[in-house]
Amino acid sequence: MRRKLAAGNWKMNGTRAALSELDALTVSAEGPEVAICPPATLLAEAVSRRSDIAYGGQDCHPHDAGAHTGDVSGPMIADAGARYVILGHSERRADHHESDADVAAKTQAAWKAGLSVILCIGESLSEREAGETLGVIGAQLDGSVPEGATAETLVIAYEPIWAIGTGKVPTTEQIAEVHAFLRSSLTERFGEETGGAIRLLYGGSVKASNATEIFAVADVDGALVGGASLKAADFQPIIDALA
Ligand code: PEP
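Residues numbered from 1 in each chain as written. Predicted model: local features only at pLDDT ≥ 70, side-chain atom pairs only at ≥ 80, totals over all residues.

## Notes on the UniProt feature "active site" (unreviewed entry) in the protein chain
- The sites that UniProt annotates as "active site" (unreviewed entry) are His89 and Glu159. Look at the named residues: they lie 71 residues apart in sequence, but the longest C-alpha span between them is just 8.4 Å, so in the fold they bunch up.
- Relative to the helices and strands, histidine 89 is located in the loop between β4 (84–87) and α4 (90–95).
- With 28 C-beta atoms packed within 10 Å, histidine 89 lands in the buried category.
- If you trace the backbone, glutamate 159 turns up in the loop between β6 (154–158) and α8 (172–197).
- Glutamate 159 has contacts with Ser90, Cys120, Gly122, Ile164, Gly203, Gly204 and Leu224, leaving out every residue within four places of it along the chain. (UniProt positions renumbered as here; feature names shortened; annotations may be inferred. Helix = DSSP H or I, 4+ residues; strand = E, 2+ residues; numbered from the N terminus. Buried ≥ 20, exposed ≤ 12 C-beta atoms within 10 Å, placed from the backbone. Contact = placed C-beta atoms within 7 Å.)

## Section: the site of the ligand
- Around the ligand, a shell composed of 13 residues is seen, among which Ile164, Gly165, Gly203, Gly226 and Gly227 lie nearest.
- Partitioned by chemical class, the residues of the shell around the ligand number five nonpolar, seven polar and one charged. (Near = placed C-beta within 6 Å. Nonpolar A, V, L, I, M, F, W, Y, C, P; charged D, E, K, R; others polar.)

## Quick notes on the environment of glutamate 213
- In this fold, glutamate 213 is placed in helix α9 (residues 208–215).
- Overall, the presence of 13 C-beta atoms within 10 Å leaves glutamate 213 in the partly exposed class.
- Each C-alpha atom of the pair glutamate 213 and threonine 171 lies 9.8 Å from the other, and the pair is 42 residues apart in sequence.

## A closer look at the nonpolar core
- Formed by 64 residues in total, the largest nonpolar core has its most connected members in Val85, Leu119, Ile156, Ala223 and Ile238.
- Residue contacts for isoleucine 238: discarding those within four places in its chain leaves Ala6, Val206, Ala208, Ala211, Ala223, Val225 and Ala228. (Core = buried A, V, L, I, M, F, W, Y, C linked by C-beta atoms within 7 Å.)

## Some thoughts on helix α7 (residues 133–144)
- For α7, which comprises twelve residues, the first-to-last C-alpha distance of 16 Å matches the rise-based estimate of 16 Å (1.5 Å per residue) to within 8%.
- All buried positions along α7 are accounted for by Thr133, Ile137, Gln140 and Ser144. For α7, the buried positions fall inside an angular range of 60° around the axis, keeping them on one side. Facing away from the buried side of α7 by more than 90 degrees, the exposed set consists of Gly135 and Asp142.
- Looking at the buried side of α7, the elements it contacts are α5 (100–112), β5 (116–121), α6 (125–129) and α8. (Expected span 1.5 Å × (residues − 1). Arc of directions from axis to C-beta.)

## Re the UniProt feature "binding site: substrate" (unreviewed entry) in the protein chain
- Summarizing the sequence annotation, UniProt attributes the feature "binding site: substrate" (unreviewed entry) to Asn9, Trp10, Lys11, Gly165, Ser205, Gly226 and Gly227 in the numbering used throughout. A maximum C-alpha distance of 14.1 Å places the annotated residues, which cover 219 residues in sequence, within one compact spot.
- By secondary structure assignment, the location of glycine 226 is in the loop between β8 (222–225) and α10 (232–242).
- Once you skip the residues sitting within four places of it in the chain, glycine 226 turns out to touch Asn9, Lys11, Ile164 and Gly165.
- Along the chain, glycine 227 turns up in the loop between β8 and α10.
- Residue classification places glycine 227 among the partly exposed residues on the basis of 19 C-beta atoms within 10 Å.

Here it is, written out as structure tokens:
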């Protein structure tokens, strides 16, 4: 049984005042897991503020330490008390030219640090319109996910680039097609048990009004939520739709 996961990606939003949003969330040990990935500056304070929420970083460097100005490593994120790190987000892939090989190296570094990786993949609008979606996603999965993945160390987030922050959402048929493809690719590569237990999130303009419909799709085990995770009033109904 895969535990549902509502993960919030705050991106480059929030100063310490934003942590009051954590206080307003209602989570339960019997309900879905709730994770918040705030900016790195807020991670340690978030962890000490509330322990029934899981936390994550938004990126990590492939090396543990060294001369890499401005970067944050897996051990640093783990030391701050995080359980997760988002890797391969399309904004990182675009803004920082991250390749699948980069994401794979970061994933290995995160695993070495004891983190679980929320690994993002997804097609652009032109790739979807050209009928290339499954090919693109399959290549990202093969190239970004190293050997040795387990259900404890890996969560896959399917995030169509054209749906992120745009208010556009794929049809439930389109989500179902990709998630079924991901499930069969993972079971083929990692075996029935592991491949069947790795959680698959949908991400891209999830909000209160579409969450229930999206979560009813087979093999959608939760969501990676950007904009609607910033305010507890917007994120709570999404969490509740998973319960
Ligand atoms: C994201 O960036 O991971 C995301 C899903 O953003 P939004 O929910 O704002 O589309």
